[in-house]
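For reference, the chains in residue letters:
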Amino acid sequence: MGRAQGFTYFYTMNALYRLSQATIGGLTLALIATLGSCSGRDNQKSDMAIDVSLLDSTHKPADDFFAFVNQKWIDAHPIPPSKSSWGAFYELRERSTEALKGILEESSKTKHPDSDPRSLIGSFWTAAMDSATVAKRGWEPLISDLKSWIHQTDPQQRSTKLAEQLKRGSKGPIEVYVYQDLKNATRQVLYVNQSGLGLPDRDYYFRTGERAEEIRAEYQRYIAQLLSSTGLYSPEEATTLAANVYAMELRLAKASMTLEEQRNPYASYHPSSVDQLQKTYPSLDWKTLFQKLGMNPNEVILGQPDFFKQLNQEYQKTPAATWTAYQQFHLANTFASELHPAAEQL
């Protein structure tokens, strides 16, 4: 397959995946089979575009096109009892998962040289499957990292710690990623957007009603219990810190764009030089942050100026103890289900 054909195949498969979420079944499978069968035959012709045996002729396409295309496949593939939905790509995902499981199990059962990637894979799988040891160790593998998350007041040191937090996959107050320029499809640019909220969306902080209030109260209790479970704070200290962390998130949420506002792409598109970013929001050392993330941009796309204005103020005014607890909570929360199974009961 040539490079152009390879790209065509890749994007076609991605397009089919998106299409399959709305209309999936016999036609999708037929198209996949056709693409797959043609991928290795560059110059051969095939009369088959769609496998008509998968079409349900008991339904007239003019009356019910969805049933005409999909009903035969749907009838032959009922939703498994353990699933809430099912489709052709779900099957492919299941097969992929089983194949990956086979690789992991084989790697863990067979001795491989240390230089062989299967040695690392097997060791990782064995350790991950030892749930008794995982539960016994609790926060032990992460405790040194949690203790090191002391908030820094110097912008350069603060930015270094923030970069470490983001590289670890932990939630931070901002989100940094590279993506296609929405106004110039010929280039990739660095986007810097709002983040930092523990609840699913900023509206959770402001919704009214009994259930909304319960969720906010439960979230604050969870922050306190998770901090206390690390052993770094007493229950009383954790409760006080949880209230302060929540109050800071509430202020950040108030400055955040709503989901509805973010639907306007122009509202979240604010090109800025790194120098201008530094001048406007000096509480972070932006060059240090990007360098520690392995980036060296001349320009970034800032998403939500009001949020970053509030974040700049939080860095200047919020006590270091609150920032430390905020960072520790989000780091612990990121890895809680893997390192501390009891956290799921908090």
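Owing to the predicted nature of the structure, the values given are computational and were not obtained by experimental measurement.

Re the packing of helix α7 (residues 140-148) against helix α15 (residues 320-339)
Here is step 1: Packing of α7 against α15 leaves a shortest axis separation of 11 Å and a crossing angle of 170°. It follows from the interaxial angle that α7 and α15 lie roughly antiparallel. Each of P141, L142, D145 and L146 in α7 lies in contact with α15, whose residues at this interface are Q328, L331, A332, F335 and L339.
Here is step 2: Among the residues forming the contact of α7 with α15, the class breakdown is 7 nonpolar, 1 polar and 1 charged.

Quick word on the environment of D154
Here is step 1: With respect to the helices, strands and loops of the structure, D154 is situated in the loop between α7 and α8 (155-167).
Here is step 2: You can call D154 partly exposed: its relative accessible area is 34%.
Here is step 3: Placed 130 residues apart in sequence, D154 and L284 show a C-alpha to C-alpha distance of 8.5 Å.
Here is step 4: A polar contact is formed between the side chain of D154 and the backbone nitrogen of Q157, at a distance of 3.0 Å.

What about the sheet that holds strand β3 (residues 270-273)?
What holds strands together in a sheet is hydrogen bonding between their backbones, with the strands either parallel or antiparallel.
Here is step 1: Reading across the sheet, the 4 strands line up as β1-β2-β4-β3 and stay open at both edges, with mixed pairing between neighbours. Only two strands of the sheet have a single neighbouring strand rather than two, namely β1 (174-181) and β3. Put simply, the sheet's adjacent strands are angled 35° from each other on average, direction ignored.

Examining the side chain of T324
Here is step 1: As for its position among the elements, T324 is in helix α15.
Here is step 2: For T324, a relative accessible area of 7% puts it in the buried group.
Here is step 3: Ignoring any residue separated from it by four or fewer positions in sequence, one finds T324 in contact with W149, I150, H151 and Y233.

Describing the pairing of strand β4 (residues 299-302)
Here is step 1: Note: strand β2 (residues 184-194) against β4, 3 bridges, orientation parallel. Looking at the pairing, V192 lines up with L302 of β4.
Here is step 2: Bridging between β3 and β4 involves 4 bridges; their strand directions are antiparallel. When the bridges of β4 are listed, S272 appears paired with V300.

A short note on helix α4 (residues 88-109)
Here is step 1: The terminal C-alpha atoms of α4 lie 32 Å apart, and with 22 residues this matches the ideal 32 Å at 1.5 Å per residue to within 8%.
Here is step 2: Among the residues of α4, A88, F89, E91 and S107 are the ones counted as buried. Mapping the buried residues of α4 onto a view down its axis gives an arc of 160°, with all of them on the same face. Opposite the buried face of α4, at more than 90 degrees from it, the exposed residues are E98 and K109.

What counts and what doesn't
Residues numbered from 1 in each chain as written. Predicted model: local features only at pLDDT ≥ 70, side-chain atom pairs only at ≥ 80, totals over all residues. Heavy atoms only, no water. Axes fitted to C-alpha atoms, helices over the stretch in contact; angles between N-to-C directions. Helix = DSSP H or I, 4+ residues; strand = E, 2+ residues; numbered from the N terminus. Parallel < 35°, antiparallel > 145°, perpendicular 65-115°, else oblique. Contact = heavy atoms within 4.5 Å. Nonpolar A, V, L, I, M, F, W, Y, C, P; charged D, E, K, R; others polar. Buried < 20%, exposed > 50% of the residue type's maximum accessible area, 1.4 Å probe, protein only. Polar contact = N/O pair within 3.5 Å; in protein donor to acceptor, adjacent residues only side chain to side chain. Pairing = 2+ DSSP bridges. Expected span 1.5 Å × (residues − 1). Arc of directions from axis to C-beta.

That is the geometry; function is a separate question.
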